[in-house]
Amino acid sequence: IRMMAEQPQLFEQKIAEVRNDVNDETADARQDAEEAVRDAETTKIRYESQQARDEYVKGVQMTLTQMDKDIEQLRERGDALVDTKQDRFEESIELVDERRDEVDDALDAMNSAEPENWKSFQDEVENAMKQLKSAYDAAAAEIQA
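Residues numbered from 1 in each chain as written. Predicted model: local features only at pLDDT ≥ 70, side-chain atom pairs only at ≥ 80, totals over all residues. Heavy atoms only, no water.

1. What to know about the packing of aromatic side chains
Two aromatic rings are characterised by how far apart their centres lie and by the angle between their planes. Scanning the model with the defined rule gives one aromatic pair in all. Pairing Tyr56 with Trp118 gives two aromatic rings, centres 5.5 Å apart and planes at 35°, and the pair type is tilted. Within this pair, whereas Tyr56 is found in helix H1 (residues 2-78), its partner Trp118 is found in the loop between helix H2 (83-112) and helix H3 (122-144), the two being separated by 62 residues in sequence. Of the two residues examined, Tyr56 and Trp118, each falls in the buried class. (Phe/Tyr/Trp six-rings, centres within 6.5 Å; stacked < 30°, edge-to-face > 60°. Helix = DSSP H or I, 4+ residues; strand = E, 2+ residues; numbered from the N terminus. Buried < 20%, exposed > 50% of the residue type's maximum accessible area, 1.4 Å probe, protein only.)

Here's what the structure looks like:
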């Protein structure tokens, strides 16, 4: 008789244990799902940032390709200069080469940055491009003078 009286208590205890286990498993599953959503959002942001950076770099590289052609044409025109004009032009074109290298360095820094941080390097690239254009214009002016 005593055993029969203890059975409902054992059943209730067992039911409570199962409920606790189910609640723990549900909480774990919810936490795993939330982490998966956060990971997916992070991946999406990273992908979109990488795409934006790649598009920006592609545009800069297209501009640089044209700039390289213009620089080469400028060098060819500068070869015809003589004496002090040639010397001044050579100094100017050396600065152009230095500025061109600075653009490459700025792009390398941007490309090695984490995709979501690329915009913090954009000003450096823009500034390097402006300095290259300015140096090019100064070298071109030496030919005109």
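2. Describing the nonpolar core
One finds Leu74 and Val125 to be the most contacted residues of the largest nonpolar core, which totals 25 residues. Top contributing element to this core by residue count: H3, with nine residues. Setting aside chain neighbours within four positions, we find Leu74 in contact with Phe89, Ile93, Tyr136, Ala139, Ala140 and Ile143. (Core = buried A, V, L, I, M, F, W, Y, C linked by side-chain atoms within 4.5 Å. Contact = heavy atoms within 4.5 Å.)

3. Side note on the packing of H2 against H3
Two numbers describe how H2 lies on H3: the axes approach to 8 Å, and their chain directions differ by 165°. Here H2 is positioned roughly antiparallel relative to H3, judged by the angle of their axes. H3 is crossed by H2, and the crossing has left-handed handedness. (Axes fitted to C-alpha atoms, helices over the stretch in contact; angles between N-to-C directions. Parallel < 35°, antiparallel > 145°, perpendicular 65-115°, else oblique. Left-handed = near helix turned anticlockwise from the far one by under 90°.)

4. Concerning H3
The end-to-end C-alpha distance of H3 is 33 Å, a good match for the 33 Å that 23 residues give at a rise of 1.5 Å each. Three or more residues of H3 are buried, namely Val125, Ala128, Met129, Leu132, Ala135, Tyr136, Ala139, Ala140, Glu142 and Ile143. (Expected span 1.5 Å × (residues − 1).)

5. A look at the pattern of salt bridges
Where charged atoms from two side chains of opposite charge come close, those side chains can pair. What the rule picks out here adds up to 12 salt bridges. Put simply, Glu142 and Arg88 hold a salt bridge, and the shortest N to O gap is 3.1 Å. Residue Glu142 is located in helix H3, and its partner Arg88 is located in helix H2; the two are separated by 54 residues in the primary sequence. A residue is classified by how much of its surface remains accessible, and Arg88, at 37% relative accessible area, is partly exposed. A salt bridge links Asp104 to Arg100; the shortest N-O distance between them is 2.5 Å. Note that Asp104 and Arg100 are positioned in helix H2 at a spacing of four residues, about one turn of the helix. (Salt bridge = Lys/Arg side-chain N within 4 Å of Asp/Glu carboxyl O.)

6. Topic: the side chain of Ser92
Relative to the helices and strands, Ser92 resides in helix H2. Overall, Ser92 belongs to the buried group, its relative accessible area being 13%. In contact with Ser92, other than residues within four places in its own chain, are Ala138, Ala139 and Glu142.

Geometry only, nothing functional implied.
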